[in-house]
Amino acid sequence: EAGVVQSPRYKIIEKKQPVAFWCNPISGHNTLYWYLQNLGQGPELLIRYENEEAVDDSQLPKDRFSAERLKGVDSTLKIQPAELGDSAVYLCASSLTSGARVEQFFGPGTRLTVL
Amino acid sequence: DQQVKQNSPSLSVQEGRISILNCDYTNSMFDYFLWYKKYPAEGPTFLISISSIKDKNEDGRFTVFLNKSAKHLSLHIVPSQPGDSAVYFCAAKGGTSYGKLTFGQGTILTVHP
C-alpha cells in the first residue's frame, strides 16, 4: 500500500515569492492534516480536513497561508508571500477518520528554505 | 504554551542497554498518548500508544508507562539497538479535539554499537 506522498521534497525560494506544496493521502483516508515542523521542535497542526471540509484551521496564519482539498482527496498548501520565518518542514498526514484511537500516517515532508 | 514537553534534547545509550525517554504534559484533558519515531528526511512513524485508563503498554522491545497523577509518561526500549537511533516524539490527544495531535519537541536517541 502506498504511503502519503508529498511534493516537492525540497524547495528554495526568495522571500516574498509564492510557494505551494502538494499532498496525496493514503487511499481511502478521509482525514488529512497539514503540520508545520520548525527546527528542533515537534510538528504543529496547521489545518485538518474531514473529506473536503476544513474542520480545524485555527492555527493556520490566514493572512498568507491558504489550503484546499478539492474532491476530498489531494490537498495543496500555499504560502503567499513567503517570509524568512516560514523556513521549516511542512508535513502532510492522513488517517481513516479523526477518532481518538486512529493512527495518523505521515508523509516525508517538504523542506522549505526562504532566502 | 508547551502542553507536551520532552526536556531531554538528546540521549546516548550503549547497544544492549535500556533507553528511557521521558515526556511530561500539562493538559489534564489529554487521554491518549503516542510515541512516534522519526529518521532523517522521513516523516514520523507511529511506534506505540497508551490510553489513560492504563498505566503500561508493551509491544516487543518497547514499553510505555503512564503516570497520570504526575502527568508523566516514559518510553522504555530494551534492549537498545543501533537501528533505534532516531528522533522520538511524544504526542497527546484528547479534550475537545480528538483530531489534533500535540507533540513534544523530540529527543534524539543515539545507540552506540
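Below: a short report on this structure. (Residues numbered from 1 in each chain as written. Chains lettered and ligands numbered in written order. Predicted model: local features only at pLDDT ≥ 70, side-chain atom pairs only at ≥ 80, totals over all residues. Heavy atoms only, no water.)

Quick word on the packing of aromatic side chains
To describe a pair of aromatic rings, you give the distance between the ring centres and the angle between the ring planes. Residue and element names in this part refer to chain B. Within this structure, the stated rule accounts for eleven aromatic pairs over all chains. Aromatic pair Tyr36 and Phe46: ring centres 6.0 Å apart, planes at 75°, arrangement edge-to-face. Of this pair, Tyr36 sits in strand 4 (residues 30-38) while Phe46 sits in strand 5 (residues 45-51); the two residues are ten residues apart in sequence, bridging distant segments of the chain. Looking at Tyr36, the relative accessible area reads 0%, which means it is buried. Phe46 gets classed as partly exposed once you look at its relative accessible area, which sits at 30%. (Phe/Tyr/Trp six-rings, centres within 6.5 Å; stacked < 30°, edge-to-face > 60°. Helix = DSSP H or I, 4+ residues; strand = E, 2+ residues; numbered from the N terminus. Buried < 20%, exposed > 50% of the residue type's maximum accessible area, 1.4 Å probe, protein only.)

Some thoughts on the pairing of strand 8 (residues 75-79) of chain A
All names here are of chain A. The buried fraction of strand 8 amounts to four of the five residues, a majority that puts the element mostly inside the structure. As paired strands, strand 3 (residues 19-24) and strand 8 are joined by five bridges and run antiparallel to one another. Directly across from Val19, in strand 8, lies its bridge partner Ile79. Two strands pair when backbone bridges link them, and strand 7 (residues 65-68) and strand 8 are joined in this way by four bridges, in the antiparallel orientation. Considered in strand 8, the bridge of Ser66 is made with Lys78. (Pairing = 2+ DSSP bridges.)

Quick look at the side chain of A:His29
All names here are of chain A. Structurally, His29 can be placed in the loop between strand 3 and strand 4 (31-37). For His29, a relative accessible area of 8% corresponds to the buried category. At 2.8 Å, the side chain of His29 and the side chain of Ser94 are in polar contact. Discounting chain neighbours no more than four positions away, the residues touching His29 are Arg69, Ser94, Ser95, Leu96 and Phe105. (Polar contact = N/O pair within 3.5 Å; in protein donor to acceptor, adjacent residues only side chain to side chain. Contact = heavy atoms within 4.5 Å.)

Considerations on the state of the cysteines
All names here are of chain A. Evaluated as defined, the whole model comprises two disulfides over all chains. Note that Cys23 is cross-linked by a disulfide to Cys92, the S-S spacing being 1.9 Å. Across the disulfide from Cys23 to Cys92, rotation about the S-S bond amounts to roughly -70°, and the bridge is consequently left-handed. Remark: Cys92 occurs in strand 9 (residues 88-95) and Cys23 occurs in strand 3; sequence separation between them is 69 residues. (Disulfide = S-S within 2.5 Å.)

With respect to the nonpolar core
One finds B:Phe33, B:Trp35, B:Leu73, B:Leu75 and B:Tyr88 to be the most contacted residues of the largest nonpolar core, which totals 23 residues. Put simply, the parts of the chain that give this core at least two residues each are strand 3 (19-25), strand 4, strand 5, strand 7 (62-67), strand 8 (72-77), strand 9 (86-94) and strand 11 (107-112) of chain B. The biggest single contributor to this core is strand 9 of chain B, with four residues. Not counting the four nearest positions on each side in its chain, B:Phe33 is found in contact with B:Tyr25, B:Ile48, B:Ser49, B:Ile50, B:Ser52, B:Leu66, B:Leu73, B:Ala91 and B:Ala92. Counting residues in hydrophobic clusters, the runner-up holds 22 residues, among them A:Cys23, A:Tyr49, A:Phe65 and A:Leu77. (Core = buried A, V, L, I, M, F, W, Y, C linked by side-chain atoms within 4.5 Å.)

Quick word on the interface of chain A and chain B
Chain A puts 23 residues into the contact, and the matching count from chain B is 20 residues. When residues of chain A are sorted by the area they lose upon contact with chain B, A:Ala100, A:Arg101 and A:Phe106 head the list and together hold 28% of the total. Where chain A touches chain B, the interface holds four residue pairs in polar contact (both at pLDDT 80 or more). Sorting the residues of the side of chain A that touches chain B by element identifies strand 4 and strand 5 (44-50) of chain A as the ones contributing at least two each. Among the elements that take part in the side of chain A that touches chain B, strand 4 of chain A stands out by supplying three residues, more than any other. (Buried area = accessible area lost by both parts, 1.4 Å probe.)

Observations concerning the pattern of salt bridges
Taken as a whole and assessed by the stated rule, the structure comprises seven salt bridges over all chains. Close ionic contact of B:Asp84 with B:Lys37 constitutes a salt bridge, the shortest N to O distance being 4.0 Å. Pair noted here: B:Asp84 is in the loop between strand 8 and strand 9 and B:Lys37 is in strand 4, with a separation of 47 residues, a long-range link. For B:Asp84, a relative accessible area of 2% gives the class buried. We note a salt bridge from B:Asp84 to B:Arg61, for which the minimum N-O separation is 2.8 Å. Taken as a pair, B:Asp84 in the loop between strand 8 and strand 9 and B:Arg61 in the loop between strand 6 (56-59) and strand 7 lie far apart in primary sequence, 23 residues in all. Among the charged side chains, a salt-bridge network with shared partners connects A:Arg64, A:Glu83 and A:Asp86. (Salt bridge = Lys/Arg side-chain N within 4 Å of Asp/Glu carboxyl O.)

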